[in-house]
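# Coordinate analysis (summary)
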Amino acid sequence: MTEVKDFGRLMQGNEACAEGALAAGTKFFAGYPITPSTEIAEILAEKLPQVGGKFIQMEDEIGGMAAVIGASLTGLKSITATSGPGFSLKQENLGFAVMAEVPCVVVNVQRGGPSTGVPTSPAQGDVMQARWGTHGDHPIIALTPVSVKETYELTIKAFNLSEKFRTPVILLMDEVIGHMRERVQLPKQGEFEVVERKKPQVGPEQYYPYRDDGTGVPPMASFGEGYRHHVTGLVHDETGFPSNKPEMVKKVLDRLHKKISDHLDEIIMAEETNLEDAEVMIFAYGSVARSAKKAVNILRKNGVKAGLFRPITIWPFPSTKLQEHFNRIKKVVVPEMNMGQLVGEVERAAAGKSIVTPLNRYDGELITPVEIVEKVQEVL
Amino acid sequence: MFAQIEEYFRLEKMPHIWCPGCGHGIVLGAMARAIKQLGYDQDKTVVVSGIGCSARASGYLDFNTLHTTHGRALAFATGIKLADPELNIFVVMGDGDCTAIGGNHFIHAARRNIDLNAVVFNNNIYGMTGGQYSPTTPQNKRATTAPYRTIERNFDLAELAKSAGATFVGRGTAYHAKMLTDLIVNGAKNKGFSVVEAISQCPTSYGRRNKMGDPVDMIKWQKEQAVNIKAAGNMTQEQLGDKFLIGVLHQDEAPEYTETYQEIIDRAQGTVKK
Ligand SMILES: Cc1ncc(C[n+]2csc(CCOP(=O)(O)OP(=O)(O)O)c2C)c(N)n1
Ligand code: SF4
């Protein structure tokens, strides 16, 4: 028998997201169509019923987010996908998911904004909306893929983090990553980790839906399993019922933040390339990191010691990881497809130790490697 | 009387937040009695509510309960029902919750004919926020945001539900509590989207401002203004005047959403021919 060689398959970023969601075990999608994210909905509309899952096109994105939370509370791993205008509509209920600690994945394939903006052009204008889009102090996790393959992997990772920490996770893609096609060899089932939410180990009489079991993340019972409990977006005590006692408000908000900030080592991911001897760092994420990688190669060929820091997790922001480099690397260039959003966080982490220079494009065009090379040469 | 339904209440969450004379407690009682009659398993019953005085009902009931965001209860409930069609779901909303901010979810839940039981506590006002007009406040009424009287025409909630595709529509009042229970029972038995509009009174934010007297007067008003649909046939338009109908206002049959979706699953999985 001749061995069949696996050349992988040609896949689009949005398709990789849908496939990653299925691989992670999602059984529920609710959403509303919007370019450039629609393929995710279309693919899941076809594939979810094949695995006994459910798909519903809701009347708007508010309803999409709400239905996803309802399904997750009923025990299904749930996902929704959208772009800028729809992402804005999801924010109120996204906050509900944070407060009520409901795992779910929210994909935003970014396009040019504000408003209807430039529907078919890439942008990174929702970085701050991903962090602060819903009202009130809240923690959030947001991941940014650089390739089709990584979109697949990070969709699985997004589910894993959301299940583990009982929190919504945002997958922040951009139009280039969403619509780009690449040949990918996907890992097989069993070759990657799939995390399931922690269930109560006690009987219904002893179950407190929001009691910290020491990990910061309370075990989660589903509706219909016999653990009757109350879920609300109001600040609540460990029984799940509303409380406005100042000490309770503080306690709940502290725990919500700590369950994330105590586990940064599990949440924060970054790729570091050629930074060991670098004299200049390029800090780039999403599709811009592709150009940045090329720029590093060009610069290195020309004798410039450039390196790349690519945050994969952008929220929580990887300050500590970044700061390790700032003792030595005194120049940082931050290309972004926006008017300068994450650059502020880089500056904050640099705390004056390194000079941080932004490079921005917000005309719907990609930032090219040459543009980055020129900016680096300018600052050196 | 309360003893029969006591098991459905989280007594430790009492006293409730409602004002003396508020109609919401009566409507909640009617709902609990209906669930008792239906004999639903508490573990398999979910009560979803939006935001408002009415929406606080979910917290007092010993079922799986979900207190959502303003206007969105039906959308959350849609996710729950689709995730597990075996669950019995009641959705408690105020008139503002249901027909203003949640109006879109309301008509689409009706259009889908998804098996949810909406119980709308209609007190013709935004109670919780202190008496602003709602889409069901009649014209020429006073509200904090209509100091010169309301000029907008009001929705007929039951008509709205019917035209949007609900397969069971009933209306009762806090005065006609027994009928309200029957309506909720029949609504729940309907396999599809059911709406029971419960006319409730808000003495604090509506009655007082519109000189409707004390809560007892408001309840009397419900008694006098309501006409049983069975009796309405023998009445002239003149006699009906500005009275409103109560009883089963609409009932028909249509495929239920989650059942039809199961057919999609069967087809996609190849268990039935495409
Ligand atoms: C998005 C949003 N907008 C506004 C509010 C403020 N709000 C809370 S309850 C309410 C109206 C409640 O009226 P209704 O739904 O008729 O219920 P009732 O209190 O009369 O029972 C409003 C406007 C809110 N909580 N959320
Ligand atoms: S404000 Fe009105 S609706 Fe709210 S509890 Fe008081 S009487 Fe009832």
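Computed from a prediction, not measured in an experiment: that's the story for all the values here.

## Examining the overall build of chain A
Looking only at helices and strands, one finds 13 helices and 16 strands in chain A. Here chain A has a C-alpha radius of gyration of 21 Å; the compact-globule value for 380 residues is 21 Å, and the two agree. Seen through its principal axes, chain A has C-alpha atoms that stretch 70 × 60 × 45 Å. In chain A, which comprises 380 residues, the share counted as buried stands at 61%. Long-range pairs, those at least 24 residues apart, make up 76% of the contacts in chain A with a sequence separation of at least 6. Here chain A has roughly 14,700 Å² of accessible surface; of this, 52% comes from carbon and sulfur atoms.

## What to know about the sheet that holds strand β2 (residues 64-67) of chain B
Backbone-to-backbone hydrogen bonds join strands into a sheet, with any given pair of strands oriented parallel or antiparallel. The nine strands lie next to each other as β10(A)-β2(B)-β1(B)-β3(B)-β4(B)-β6(B)-β5(B)-β8(B)-β7(B), forming an open sheet whose pairing is mixed. Of all strands in the sheet, those bounded by a partner on one side alone are β10 (230-232) of chain A together with β7 (226-228) of chain B. Neighbour-to-neighbour, the strand axes of this sheet turn through a mean angle of 20°, independent of strand direction. Both β7(B) and strand β8 (residues 244-251) of chain B contribute to a ladder of three bridges, which runs parallel. Its bridge partner being in β8(B), B:Ala226 is matched across the sheet by B:Phe244. Where helix α8 (residues 177-189) of chain B meets the sheet, its contacts fall on β3 (88-94), β4 (117-122), β5 (168-173), β6 (194-199), β7 and β8 of chain B, and the angle it forms with β5(B) comes to roughly 165°.

## Quick word on the site of ligand 2
Residues and elements named next belong to chain B. Around ligand 2 lies a shell formed by Trp18, Cys19, Cys22, His24, Cys53, Asn123, Gly127, Cys202, Pro203, Thr204 and Ser205. The dominant element in the shell around ligand 2, judged by the number of residues it contributes, is helix α9 (residues 203-207), at three residues. In terms of residue class, the shell around ligand 2 is made up of six nonpolar, five polar and no charged.

## Points about the domain arrangement of chain A
Residue and element names in this part refer to chain A. Along its sequence, chain A is carved into domain 1 (9-184) and domain 2 (271-379). With both chains or domains summed, domain 1 and domain 2 bury close to 1,900 Å², and 58% of this area falls on carbon and sulfur atoms. On the surface where domain 1 and domain 2 come into contact, there are two salt bridges. Of the charged contacts, one joins Glu182 and Arg290 as a salt bridge, the two residues approaching to 2.6 Å between their closest N and O atoms. Counting every contact that joins domain 1 to domain 2 gives 15 residue pairs in polar contact (both at pLDDT 80 or more). Secondary-structure elements contributing two or more residues to the side of domain 1 that touches domain 2 are β6 (118-122), α5 (127-132), β7 (141-143), α6 (148-165), β8 (168-174) and α7 (175-179). Top contributing element to the side of domain 1 that touches domain 2 by residue count: α5, with four residues. Considering only residue class, the side of domain 1 that touches domain 2 consists of 16 nonpolar, five polar and five charged.

## Comments concerning the packing of helix α3 (residues 61-73) of chain A against helix α4 (residues 73-83) of chain B
Look at α3(A) against α4(B): their axes get within 6 Å of each other, and the N-to-C directions meet at 45°. One finds that α3(A) runs oblique with respect to α4(B). When you trace α3(A) past α4(B), the crossing you get is right-handed. In this structure, α3(A) contributes A:Gly63, A:Ala66, A:Ala67, A:Ile69, A:Gly70 and A:Ala71 to the contact, and α4(B) contributes B:Ala75, B:Phe76, B:Gly79, B:Ile80 and B:Ala83. Within the contact of α3(A) with α4(B), the residues separate by chemical class into eight nonpolar, three polar and no charged.

What counts and how
Residues numbered from 1 in each chain as written. Chains lettered and ligands numbered in written order. Predicted model: local features only at pLDDT ≥ 70, side-chain atom pairs only at ≥ 80, totals over all residues. Heavy atoms only, no water. Helix = DSSP H or I, 4+ residues; strand = E, 2+ residues; numbered from the N terminus. Rg over C-alpha atoms; globule rule 2.2 N^0.38 Å. Buried < 20%, exposed > 50% of the residue type's maximum accessible area, 1.4 Å probe, protein only. Contact = heavy atoms within 4.5 Å. Areas by Shrake-Rupley, 256 points an atom, 1.4 Å probe, with all protein chains shown as cover. Pairing = 2+ DSSP bridges. Axes fitted to C-alpha atoms, helices over the stretch in contact; angles between N-to-C directions. Near = heavy atom within 4 Å. Nonpolar A, V, L, I, M, F, W, Y, C, P; charged D, E, K, R; others polar. Domains from an automatic or database assignment. Buried area = accessible area lost by both parts, 1.4 Å probe. Salt bridge = Lys/Arg side-chain N within 4 Å of Asp/Glu carboxyl O. Polar contact = N/O pair within 3.5 Å; in protein donor to acceptor, adjacent residues only side chain to side chain. Parallel < 35°, antiparallel > 145°, perpendicular 65-115°, else oblique. Left-handed = near helix turned anticlockwise from the far one by under 90°.

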